[in-house]
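# Remarks on the overall topology
Residues per chain, in single letters:
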Amino acid sequence: RTIDVSEPLAPRFTFENPSYLIRQPDGRTNETALDYSHPQVRAHRLAIFRELASNYDLDGLELDFCRWAKFFPRDRGFENAHIMTEFVGEVRNMLDTTARQRSRKRPVLGVRVPDSIRSCWLAGLDPETWVRNGWISYMIVSTWNEADPQILVETIMRSEEHTSELQ
């Protein structure tokens, strides 16, 4: 809820680096999500994943892009999707490198993405490219913070139809 040292769920990284928080176009001051357009934010997250992959016997990771689906200011998702694509590629590369170093098979990389390709693009996510590049092992299409058995998964599988709407 707030970025404060007294808030037990506030990560130290956020209150030590307040300039990395998302700045929304309406000037709100209550934003608590990190802006992935900052390379330092991506490096911080990747370091956490690398620590897990290096120090524990993992089968893989799941990147849940629905639990807290804010990565950029809300008006900048589409134009910044390439940043998250690069980040997912870095996670895939890190997992593969770590697995080779540990003589393990290729780890699973799963993703949980919003329930429509339009919602993905608005959040700055391009799962079609992740699939095309062979980076992910599975994809779960989900609503924000919950599972909905009524989601029409076929709509996200036809993503090319919707990307032109956002350009």
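Just so you know, these numbers come straight off a predicted model, no measurement behind them.

Here helix H3 (residues 77–101) spans 35 Å end to end across 25 residues, near enough to the 36 Å set by a 1.5 Å rise per residue. At Ile83, H3 shows its largest bend, some 25°. Once H3 ends, the next one or two residues include Ser103, with phi positive near 55°.

Over its 17 residues, helix H2 (residues 39–55) runs 24 Å from end to end, which matches the ideal 24 Å to within 8%, given 1.5 Å per residue. If you check which residues of H2 are buried, you get Val41, Arg42, Leu46, Phe49 and Ala53. Along the long axis of H2, the arc covered by the buried residues comes to 120°, so they all point the same way. Looking at the buried positions of H2, the neighbouring elements they touch are helix H1 (12–16), strand E1 (60–64) and H3.

The next subject is the packing of H2 against H3. Between H2 and H3, the shortest axis-to-axis distance is 10 Å and the interhelical angle comes to 20°. The angle between H2 and H3 places the two elements in the roughly parallel class. In the packing of H2 onto H3, the handedness of the crossing is right-handed. Touching Arg42, Arg45, Leu46, Phe49, Arg50, Ala53 and Ser54 of H2 are Ile83, Phe87, Glu90, Val91, Met94, Leu95 and Thr98, all from H3. When grouped by side-chain class, the residues that make up the contact of H2 with H3 number eight nonpolar, two polar and four charged.

Attention now moves to the pattern of salt bridges. Taken as a whole, this structure holds eight salt bridges when the rule is applied. The salt bridge partner of Arg104 is Asp59, with a shortest N-O separation of 3.8 Å. Linking Arg104 in the loop between H3 and strand E2 (108–113) with Asp59 in the loop between H2 and E1, this pair joins segments that are 45 residues apart in sequence. A salt bridge links Asp96 to Arg106, with the shortest nitrogen-to-oxygen separation between them at 3.2 Å. Of the two residues, Asp96 sits in helix H3 while Arg106 sits in the loop between H3 and E2, which places them ten residues apart along the sequence. Taking relative accessible area as the criterion, Arg106 reaches 48% and is therefore assigned partly exposed. Overlapping salt bridges bring together Asp57, Asp59 and Arg104 as one network.

What counts as what
Residues numbered from 1 in each chain as written. Predicted model: local features only at pLDDT ≥ 70, side-chain atom pairs only at ≥ 80, totals over all residues. Heavy atoms only, no water. Helix = DSSP H or I, 4+ residues; strand = E, 2+ residues; numbered from the N terminus. Expected span 1.5 Å × (residues − 1). Bend = angle between axes of the 7 residues up to and from the residue. Buried < 20%, exposed > 50% of the residue type's maximum accessible area, 1.4 Å probe, protein only. Arc of directions from axis to C-beta. Contact = heavy atoms within 4.5 Å. Axes fitted to C-alpha atoms, helices over the stretch in contact; angles between N-to-C directions. Parallel < 35°, antiparallel > 145°, perpendicular 65-115°, else oblique. Left-handed = near helix turned anticlockwise from the far one by under 90°. Nonpolar A, V, L, I, M, F, W, Y, C, P; charged D, E, K, R; others polar. Salt bridge = Lys/Arg side-chain N within 4 Å of Asp/Glu carboxyl O.

Remember that the coordinates give geometry; whether it matters functionally is a separate question.
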